Amino acid sequence: QVQPVESGGGVVQPGGSLRLSCAASGNIGTINAMGWYRQAPGKQRELVAGITSGGSTNYADSVKGRFTISRDNAENTVYLQMNSLKPEDTAVYYCNVQRRLRNYEFTNWGQGTQVTVSS
């Protein structure tokens, strides 16, 4: 079983920082991309940041310049450094893993970690 596990969420004041981590384990195969999504109450889940195995990144416009995604390929881990946090960043953040194993494509999701930005 492939089970991405997120950590690092919590409560922070506006302008503060958090660093999220997601580690994938199991018979992973080849990871094509990893990313972070978030979902606030009453809203659709949205892409926050993604990174490919080659290091290409993309970010939601709302987080550009504030968030940084990175990967440790050897450890099958993806990070999201979140700086200058705003109340509108409050959401459950989910780790996504896109991978290939024996010519099959898979997508796995973590269970989510809560990020709350409030004074």
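No experiment lies behind these values; they were computed from the predicted model shown.

Engineer: Explanation requested: the environment of D61 in the structure shown.
Structural biologist: By the secondary structure assignment, D61 is in the loop between β6 (57-59) and β7 (67-72). Of note is the side chain of D61, whose polar atom sits 3.1 Å from the side chain of K64.

Engineer: Whenever I open this one, the nonpolar core confuses me. Can you help?
Structural biologist: The nonpolar side chains of a soluble globular protein tend to be buried with one another. Grouped together as the largest cluster of nonpolar side chains are 28 residues, with contacts concentrated most on W36, V48, F67, V78, L80, M82 and Y93. Here this core gets four residues from one element, more than from any other, and that element is strand β9 (residues 91-101). Among all residues touching L80, those that are not within four sequence positions of it are L18, R19, L20, W36, V48, A49, F67, T68, I69 and Y93.

Engineer: Would you take a moment to explain the sheet that holds β7 for this structure?
Structural biologist: Through backbone hydrogen bonds, the strands of a sheet pair up, either in parallel or in antiparallel fashion. Here four strands make up an open sheet; going across it, the order is β1-β3-β8-β7 and the pairing antiparallel. Across the chains shown, the open sheet's two edge strands, defined by having one partner strand only, are β1 (5-7) and β7. For this sheet the average axis-to-axis angle between neighbouring strands, irrespective of direction, equals 15°.

Engineer: How should the state of the cysteines be read in this particular structure?
Structural biologist: Two cysteines whose sulfur atoms are joined by a covalent bond form what is called a disulfide. Per the stated rule, a full pass over the model turns up one disulfide. Sulfur-sulfur distance for the disulfide between C22 and C95 comes to 2.0 Å. The disulfide joining C22 to C95 has a torsion of about -80° about its S-S bond and is therefore left-handed. You can see C22 sitting in strand β3 (residues 18-23) and its partner C95 sitting in strand β9, a full 73 residues away along the chain. With respect to burial, C22 and C95 carry one shared label: buried.

Rules used in this analysis
Residues numbered from 1 in each chain as written. Predicted model: local features only at pLDDT ≥ 70, side-chain atom pairs only at ≥ 80, totals over all residues. Heavy atoms only, no water. Helix = DSSP H or I, 4+ residues; strand = E, 2+ residues; numbered from the N terminus. Polar contact = N/O pair within 3.5 Å; in protein donor to acceptor, adjacent residues only side chain to side chain. Core = buried A, V, L, I, M, F, W, Y, C linked by side-chain atoms within 4.5 Å. Buried < 20%, exposed > 50% of the residue type's maximum accessible area, 1.4 Å probe, protein only. Contact = heavy atoms within 4.5 Å. Pairing = 2+ DSSP bridges. Axes fitted to C-alpha atoms, helices over the stretch in contact; angles between N-to-C directions. Disulfide = S-S within 2.5 Å.

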